[in-house]
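The lines below spell out each chain.
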Amino acid sequence: MDKEPLIYLDGRFVEKSKASVSVFDHGLLYGDGIFEGVRAYNGSVFRLVDHIDRLYDSAKSIHLTLPMTKEEMTGAVLETLRKNRLKDAYIRLVVTRGRGDLGVDPSLCKEPTVFIIAEPMASNLGPKEPRVVRVMVSSVRRDAVDATSHEIKSLNYMNSILAKIEANNAGADDAILLDHRGFVSEASVSNIFLVKKGRISTPSSGAGILHGITRARVIRLCLDLGVEVQERDVTPFDLVTADEVFLVGTKAEVVAVASVNGSKIGQGGAGLLTRRIYQEFSKMVQRPEEGTPIYESESGQRLSARQKA
Ligand code: PXG
């Protein structure tokens, strides 16, 4: 039999079939925890420093003290990839409040649970065309920034899940959520951009978005291409009348939106700027300086310092 994948669980590596957490873990009972979805391309973990920083910001915002330093966490991610001999992978890094009792009070949870899953995942990027999806505007509103804000990458994804179910039932590929004011926020698990008359815009953080790492990198990429990205309030009207719409995220990478609520966007395929950004993004993720190398050194600390800002 093939060897089982190894999962990092609270400082140890355990076989996938034996990697389990308590039914009293508040991550499970209450969605009380945080996570990161990270990707490795060609032996380098894309923007790992940014993901680790965001994880620690999420932890701070929910008053969760992580049981390890950023350097140790970085080391654990790299070691998980090495143990599983992975070069192109999807990494799920999860920290829960830990084991407690059946009350919601987190003060009874003494020790956070930390686990890291790494699975092989090939990129959809390349010289070919971007993937194309059809989306609908969901009736489910994005959680407000003073509620279960998606600025926290928490284990509470019910908001996105309900929107995704609605999209599935309507035969759409994904849902676009509006914020409490009615402005466009983001898709279920990716950020959104639109192009109108050669200008690119994207909802600002006030719209309850996750501060996407792909979003931030794509904004810089656009600047490098000489196209400024405006972070602003985007209305559903702006979306439907855009020349191009695309989604970005760790899992999605760069995906073109062909239609919104059945209305064709542009020609109904990937527009010129979307293709350009997809192609540049495809090349960029392969550059070692965009990430943290998995195999060159055993020291997470030294490695993490090498990712360019
Ligand atoms: N918004 C939300 C709500 C997200 O969950 C993004 C934007 C994109 O962020 P990054 O940092 O990845 O560029 C996400 C991404 C999945 C999956 O299976 C993705 C995410 C969470 C859970 C699952 O695609 N987060």
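Model, not experiment: these values are computed from the prediction.

What counts and how
Residues numbered from 1 in each chain as written. Predicted model: local features only at pLDDT ≥ 70, side-chain atom pairs only at ≥ 80, totals over all residues. Heavy atoms only, no water. Domains from an automatic or database assignment. Contact = heavy atoms within 4.5 Å. Buried area = accessible area lost by both parts, 1.4 Å probe. Salt bridge = Lys/Arg side-chain N within 4 Å of Asp/Glu carboxyl O. Polar contact = N/O pair within 3.5 Å; in protein donor to acceptor, adjacent residues only side chain to side chain. Helix = DSSP H or I, 4+ residues; strand = E, 2+ residues; numbered from the N terminus. Nonpolar A, V, L, I, M, F, W, Y, C, P; charged D, E, K, R; others polar. Near = heavy atom within 4 Å.

Draft legend 1. Main features of the domain arrangement of the chain. As assigned here, the chain comprises domain 1 (6–120) and domain 2 (132–284). At the junction of the two partners, domain 1 supplies 21 residues and domain 2 supplies 18 residues. Between domain 1 and domain 2, the buried area comes to about 1600 Å², and carbon and sulfur atoms account for 64% of it. If you look at where domain 1 meets domain 2, you find one salt bridge. Of the charged contacts, one joins R39 and E253 as a salt bridge, the two residues approaching to 3.3 Å between their closest N and O atoms. Joining domain 1 to domain 2, the criterion identifies eight residue pairs in polar contact (both at pLDDT 80 or more). Mapped by element, the contributors of at least two residues to the side of domain 1 that touches domain 2 are β3 (33–41), α2 (48–61) and β5 (89–96). In terms of residue count, the dominant contributor to the side of domain 1 that touches domain 2 is β3 (eight residues). Residue composition of the side of domain 1 that touches domain 2, grouped by class: eight nonpolar, eight polar and five charged.

Draft legend 2. Spotlight on the site of the ligand. Looking at the ligand, there are 18 residues lining it, with K153, Y157, E186, T214 and T250 nearest. One of the side-chain nitrogen or oxygen atoms of R54 is found 2.8 Å away from an oxygen atom of the ligand. Contact between the ligand and I213: an oxygen atom at 2.8 Å from a main-chain N or O atom of the residue. Grouping the amino acids of the shell around the ligand by side-chain chemistry returns five nonpolar, seven polar and six charged. Lining the shell around the ligand are residues from two domains, each supplying at least three of them: domain 1 (6–120) and domain 2 (132–284).

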